[in-house]
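Structural overview
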Amino acid sequence: MFSFEIFPPKKNGSIEAVYKTLDELTDLKPDFISVTYNAGGASSAGGCPEGCSTREIVCIIKEKYHTESIAHLTCVNSTREDIDRIIGEFERYGVENVLALRGDISPDIPPKEDFHHASELISYMKRRSGLSFSGACYPEGHTESNSLDEDIENLKKKVDAGAEHLMSQLFFDNGHFYEFLEKARAAGINVPIEAGIMPCVNANQIQRMVTMCGASLPTKFTKMMARFENSPEAMRDAGIAYAIDQIIDLAANGVDGIHLYTMNNPYVAKKISKSVESVLLG
Ligand code: FAD
């Protein structure tokens, strides 16, 4: 399995930019493309340019590009009524696949009381729809968990609730992913688990992401960032090469799939896809 993640355009973006990205990404024939969702709900209404909500982009991917798509959805700021409305919308517009997430708890917005965890969102939606559900997983443990073992126990609840497929948080040391995979399988988690790979093409962006998600940085990676951070082209090429290296090792170890965080950058996605095509097929 080889898939991409994109995000809806920010306030000043446009639907043309979405088409341009999708023209190139769908040419690479991914198994699916997933589209992120703003935890505050901005990407579902009003906070993004006309026609560019998560749901609308998911429909474009399916209808215009005949490519499978997954809509990310968070519940931390939603009531049951909000989710009922979204289920209705999904059914009306033919959305079939959902990456069900809790979302990050913002220090400024008190979470709503109806859903505390992604597993609760999945159970609730499963009872009310025929949608298929994926879930998020964390090779180094979620930042709020006391240990990887505890996080995996909670992950099992998500799978038992109905997640049929998992997509991992980004990581830069494959060793963490293998350890996680072994523990997840030992815990009875038997659904396909895709490894999340984020090519480091911009040192500042990666620092921000890593601070948010808690991924650790191996020495090989920090040396690369330090050496090339002031040379955008060298950083981009080194970041692409690092991601390719990770993917080849993951494929050699027989992982279920690769989920590429494209950051809406088709150039990078194309470079990586072309380099690993035969490896992923073989
Ligand atoms: P949960 O599965 O609810 O887990 C959150 C924490 O609660 C973990 O520590 C877990 O161990 C614990 N927990 C879970 N279930 C239980 C339980 N039953 N009892 C006790 N503890 C429990 N965020 C966005 O806002 N928009 C996106 O589009 C988006 N896409 C993402 C895509 C991927 C592939 C990943 C990995 C993350 C994504 N995120 C996104 C980030 C995600 O919203 C955050 O990581 C969030 O903090 C946790 O969401 P979750 O669904 O994993 O939560």
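Residues numbered from 1 in each chain as written. Predicted model: local features only at pLDDT ≥ 70, side-chain atom pairs only at ≥ 80, totals over all residues. Heavy atoms only, no water.

1. Overview of the site of the ligand
Neighbouring the ligand are 26 residues, the closest being Tyr37, Asp104, Tyr138, Asp151 and Lys158. Contact distances for the ligand include 3.0 Å between an oxygen atom and a backbone N or O atom of Ala118. Between the ligand and the protein, one listed contact pairs an oxygen atom with a side-chain N or O atom of His142 at 2.8 Å. In the complex, the protein chains occlude 85% of the 980 Å² of accessible area that the ligand would expose alone. Counting residues per element, the ones that place at least two in the shell around the ligand are strand E3 (69–74), strand E4 (97–101), helix H5 (148–161) and strand E6 (163–170). The element best represented in the shell around the ligand is H5, accounting for four residues. (Near = heavy atom within 4 Å. Polar contact = N/O pair within 3.5 Å; in protein donor to acceptor, adjacent residues only side chain to side chain. Areas by Shrake-Rupley, 256 points an atom, 1.4 Å probe, with all protein chains shown as cover. Helix = DSSP H or I, 4+ residues; strand = E, 2+ residues; numbered from the N terminus.)

2. Here's the deal with the pattern of salt bridges
Summed over all chains, the structure comprises 13 salt bridges. Note that Arg55 and Glu89 form a salt bridge whose closest N and O atoms lie 3.5 Å from each other. Pair noted here: Arg55 is in helix H2 (residues 54–63) and Glu89 is in helix H3 (residues 80–93), with a separation of 34 residues, a long-range link. Each of the two residues, Arg55 as well as Glu89, counts as buried. When the shortest N-O distance is used, the salt bridge between Asp245 and Lys220 registers 3.1 Å. Of this pair, Asp245 sits in helix H9 (residues 232–252) while Lys220 sits in helix H8 (residues 219–228), placing them 25 residues apart in sequence. Judged by relative accessible area, which is 53%, Lys220 ranks as exposed. If you follow the salt bridges from partner to partner, you end up with Arg55, Arg85 and Glu89 in one network. (Salt bridge = Lys/Arg side-chain N within 4 Å of Asp/Glu carboxyl O. Buried < 20%, exposed > 50% of the residue type's maximum accessible area, 1.4 Å probe, protein only.)

3. What to know about the layout of surface pockets
A volume near 410 Å³ is recorded for the second largest pocket. In terms of lining, the second largest pocket is formed by 21 residues, of which the most central are Phe2, Asp31, Glu277, Leu280 and Leu281. By residue number, the principal contributor to the lining of the second largest pocket is helix H10 (residues 266–281), which donates seven residues. Residues that form the lining of the second largest pocket fall into these classes: 11 nonpolar, four polar and six charged. (1 Å grid on protein atoms, 1.4 Å probe; cavity = no way out; pocket = protein on both sides within 12 Å on 5 of 7 lines; lining within 4 Å. Points joined across faces, edges and corners; volume = space filled by probe spheres on them. Nonpolar A, V, L, I, M, F, W, Y, C, P; charged D, E, K, R; others polar.)

4. Looking at unusual backbone geometry
In the Ramachandran plot, Met263 falls in the positive-phi region, its phi being about 50° despite a non-glycine side chain. Residue placement: Met263 occurs in the loop between strand E8 (257–261) and H10. Non-glycine residue Asn264 carries a positive phi angle of around 60°. Its location among the elements puts Asn264 in the loop between E8 and H10. Residue classification places Asn264 among the partly exposed positions, given a relative accessible area of 22%.

5. Observations regarding the pairing of strand E1 (residues 2–6)
Within E1, five of the five residues are buried, leaving the element largely enclosed by the surrounding structure. Here four bridges tie E1 to E8, and the two strands are oriented parallel to one another. Following the sheet pairing, Phe4 is matched in E8 by Leu260. As paired strands, E1 and strand E2 (residues 32–35) are joined by four bridges and run parallel to one another. Directly across from Ile6, in E2, lies its bridge partner Val35. (Pairing = 2+ DSSP bridges.)

6. Points about the confidence of the model for the protein
The predicted model of the protein averages 94 in pLDDT, with 97% of residues at 70 or higher. Contacts from residues 39–46, a stretch scored under 50 in pLDDT, to residues over four places away or in other chains number 15 contacts. (pLDDT = per-residue confidence, 0-100. Contact = heavy atoms within 4.5 Å.)

7. Looking at empty space enclosed by the protein
Under the defined criterion, the tally for this structure stands at one cavity of 30 Å³ or more. Within this model, the largest cavity holds a volume of roughly 60 Å³. The wall of the largest cavity is formed by Tyr138, Pro139, Glu140, Gly141, Gln169, Leu170, Phe171, Cys213, Gly214 and Ala215. For the lining of the largest cavity, the per-class residue count stands at six nonpolar, three polar and one charged.

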